[in-house]
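Structural overview
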Amino acid sequence: MSTTVHDRQAPPEAKAPAAAVRPRRPHRRRLGPGKPVPYGWAIGPVLLLVLWATASGFGLVDVRSLPAPWTIAYTAGDLTDNGKLQSHLTTSAQRALFGLLFGVVAGLLLALVSGLSRLGEAVIDGPVQIKRAIPSLALIPLLILWFGIGETMKVITIALGVFVPVYIHTHNGLRTIDSRYAELAETVGLGRLAFVRHVVLPGALPGFLLGMRFAVTGAWLALVVVEQVNATSGIGYMMELARTYGQTDVIIVGLVVYGLLGLVSDALVRLVERRALSWRRTLAG
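This report concerns the structure included in the present document. Residue positions are given per chain, counting from 1 as you read along its sequence in written order. The predicted origin of the model limits local features to residues at a pLDDT of at least 70 and limits the giving and counting of side-chain atom pairs to 80 or more, whereas totals for whole chains, interfaces and linings rest on all residues. Values reported for side chains reflect all heavy atoms of the structure, with hydrogen atoms and water molecules removed beforehand.

Digging into the packing of aromatic side chains
In plain terms, the rule: In summary, the pairing rule links any two rings of Phe, Tyr or Trp, Trp by its six-membered ring, whose centres are within 6.5 Å, and it sorts them by plane angle into stacked for under 30 degrees, edge-to-face for over 60 and tilted for everything else. Helix and strand assignments follow DSSP, with helices taken as H or I runs no shorter than four residues and strands as E runs no shorter than two, numbered in order from the N terminus. For every residue, the accessible area obtained with a 1.4 Å probe (protein chains only) is divided by the maximum for its type, and the residue is called buried under 20%, exposed over 50%, and partly exposed between those limits.
In the structure shown here, the tally under the stated rule is two aromatic pairs. Ring geometry for F98 against F102: centres 6.4 Å apart, planes inclined by 25 degrees, an arrangement best described as stacked. Here F98 pairs with F102, and both are found in helix α5 (residues 84-116), just four residues apart, close to one helical turn. Accessibility expressed as a relative area gives 46% for F98, which makes it partly exposed. Classification of F102 as partly exposed rests on a relative accessible area of 49%. Here W146 and F147 contribute two aromatic rings whose centre-to-centre distance is 6.4 Å and whose plane-to-plane angle is 80 degrees, an arrangement assigned as edge-to-face. Accessibility expressed as a relative area gives 39% for F147, which makes it partly exposed.

Okay, here's the thing in C-alpha cells:
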C-alpha cells in the first residue's frame, strides 16, 4: 500500500483548506434603534383607534360617555356639511398662528440678546425664568383685566405660552456653541454680523427647532383654554356650547381636531428639522 502511516494518522482537519478553519467573527449587534418604520408616526394613533372601535363594538364602554368612532365620524361629517366645523377651525387657526408668530419672534429676539451678551442675559434671563415658573393660563384673569375678553387677550395668552420654550432652547443652543468657533472667527477677522450669520445662527438652529416643537404644542394647548373664555367662535367655543347641551360626540370631534392639528404641526416642524439639519448623523436616521 502506498499510503504512509503519517497519512493514515493525520486528522481530517489537517487536510481541510486553510479558509475552512478560520475562526468565525462574532455577530455584532446593532445598538441603535434600527431602520425607520414606514409610516411609523401613524401606528400609535391607528392602534388607539382600533382599541376604541373594538371596545365600542363589544359594548365595553358607555356610548353616552364615549361615543363609538363611527358616531364621531358621522357627527364630523354633519358639522362639515353645514359649514360649522370649517368656520370654527378657521377662527382657531388664525388665533393660533398669530400667537405663534408673536411668541416665536419675541422668544428668538430675547434669546439672541441674552445669549450673545452677558449684560443682556443679566437683564432678560431672570424675568423669563420667573415667567417660566408661572403658567400662562394662570395669567388669564390678569390679562382679562388689562386687555378685556376680546381677541387681543387670546392672542397674547397664546404668545406667552409660545415664547418661553423658544427662548429656553434657543438660548441653550447659543450657549452650547463651541467657543473655538468664536476664536476661529476672531482669527479670520469676521465682523459681528458675519459671526452671527455664519456661526451663531447655524449653531443655535438645533435648539431653536426643538423649541419650536414645544411651541406649536403650547400654542394649541393655550388655544383650548382661551377659546372657552367668552368666545363666540372657534373649536373651543364649539366644544363649550356642546357641553351645555350634553353633546358628547361634538366635544370628541373638537378633541380629535385639536389632536390632529397638534400632530400635523409637530410633523411639519420635524420635517423642517430633518431638511435643515441633514448634515447631522443621529440615531433618528
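Structure shown, so let's carry the discussion forward.
Examining helix α4 (residues 69-81)
Residues separated by three or four positions in an α-helix point in the same direction, a consequence of the helix having 3.6 residues per turn. Spelled out, the test is: By this rule, a helix spans an expected 1.5 Å times one less than how many residues it contains. Each direction from the helix axis to a C-beta atom contributes to the arc, which is the arc of those directions. Any two residues having at least one pair of non-hydrogen atoms within 4.5 Å are treated as being in contact.
Taking 1.5 Å of rise per residue, 13 residues should cover 18 Å, and α4 covers 18 Å from first to last C-alpha, within 8% of that figure. The set of residues buried in α4 consists of P69, I72, T75 and L79. One side of α4 holds all its buried residues, which, seen down the axis, span an arc of 120 degrees. Residues of α4 that are exposed and point more than 90 degrees away from the buried face comprise Y74 and D81. For α4, the secondary structure elements touched by its buried residues are α3 (40-57), α5, α11 (235-244) and α12 (248-276). Of the residues one or two after α4, G83 is the one with positive phi, at around 85 degrees.

Quick look at the packing of α5 against α11
Filter applied, for reference: To define axes, lines are fitted to C-alpha atoms, for helices over the stretch in contact only, and angles between the resulting N-to-C directions are given on a 0 to 180 degree scale. Our angle categories are set so that under 35 degrees counts as roughly parallel, over 145 as roughly antiparallel, 65 to 115 as roughly perpendicular, and the remainder as oblique. Note that Gly is not counted as nonpolar here; it falls among the polar residues with everything else outside the nonpolar set of Ala, Val, Leu, Ile, Met, Phe, Trp, Tyr, Cys and Pro and the charged set of Asp, Glu, Lys and Arg.
At a closest axis distance of 7 Å, the pairing of α5 and α11 adopts a crossing angle of 130 degrees. Our classification of the angle between α5 and α11 gives oblique. Packed against α5, whose contacting residues are L85, H88, L89 and S92, the element α11 presents I235, Y237 and M238 at the interface. Class assignment of the residues belonging to the contact of α5 with α11 gives a composition of five nonpolar, two polar and no charged.

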